[in-house]
Amino acid sequence: MNFADTQWVLIITAFILGAGLGALAYHLMNANVANSIKIRHQLTERELEVNQLREGVNDHFSRLGDGLSGLNKQLQELEDQVRREAGHLCDDEGVVKRLTSSRDSEDLQPEEALHEAATQPSHQPVEPPRDYAAGSARGTLSEDYGLKPEVFEPPRS
């Protein structure tokens with residue numbers, strides 16, 4: 001075996017080792033890419049599920065709103081029917097007046113109801129806020145709060 005043959009053996013061995021290391025590096029990098037593609041696919045599926053759930057929730061609340069408006073309409077019709085029948089059949093004036101007055105107050109717009117409440121005098125007197133306790137109660141703002149009376153003790157001998 002001469003020197004030239006040894007060089008060829010080293011070159012071929014280096015080429016085979018380089019090809020093996022390159023294939024190993026490609027395999028490791030390709031595994032990360034495949035994992036990344038798998039994660040992206042799962043993310044896309046989750047986003048699709050979230051969008052479907054969101055659409056389902058929107059549809060549910062839409063149907064719920066329609067049902068509530070229908071129920072509210074039926075309730076109004078029932079109240080109107082009770083008022084009409086109470087006006088014809090009920091002998092107690094207090095009951096009829098209470099039924100008609102509750103309907104009248106419901107018919108007012110919120111601004112009108114606030115204006116009506118503001119114009120009616122309230123039965124409770126309005127007092128400004130105070131920073132002291134009423135009466136003879138000793139509050140935290142009193143002059144002698146937390147002070148103990150001084151007791152004179154004669155010096156001990």
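So, here is what we can say about the structure in this document. (Residues numbered from 1 in each chain as written. Predicted model: local features only at pLDDT ≥ 70, side-chain atom pairs only at ≥ 80, totals over all residues. Heavy atoms only, no water.)

Concerning the overall build of the protein
Within the protein, the secondary structure is distributed over three helices and zero strands. Starting at the N terminus and walking to the C terminus, you meet the elements of the protein as α-α-α. Counting over 157 residues, the protein shows a buried share of 2%. Summed over its atoms, the accessible surface of the protein is roughly 15000 Å², and 60% of this surface lies on carbon and sulfur atoms. (Helix = DSSP H or I, 4+ residues; strand = E, 2+ residues; numbered from the N terminus. Buried < 20%, exposed > 50% of the residue type's maximum accessible area, 1.4 Å probe, protein only. Areas by Shrake-Rupley, 256 points an atom, 1.4 Å probe, with all protein chains shown as cover.)

Section: the pattern of salt bridges
For the coordinates displayed, the defined rule picks out four salt bridges. Among the ionic pairs, D59 bridges to R63, the shortest N-O distance being 3.8 Å. Of this pair, D59 and R63 both sit in helix α1 (residues 3–89), four residues apart, which is roughly one turn of that helix. The exposure class assigned to R63 is exposed, which follows from its relative accessible area of 52%. A salt bridge links R83 to D80; its shortest N-O distance comes to 3.7 Å. Here the residue R83 and the residue D80 both occupy positions in helix α1, the gap between them amounting to three residues, near one helical turn. You can call R83 buried: its relative accessible area is 15%. (Salt bridge = Lys/Arg side-chain N within 4 Å of Asp/Glu carboxyl O.)

Concerning a nonpolar patch on the surface
On the surface, W8, I11, I12, F15 and I16 cluster together to form a nonpolar patch covering roughly 610 Å² of accessible area. Within the secondary structure layout, I11 lies in helix α1. (Patch = residues over 30% accessible without salt bridge, like charges linked within 9 Å, V, L, I, M, F, W, Y side chains within 5 Å.)

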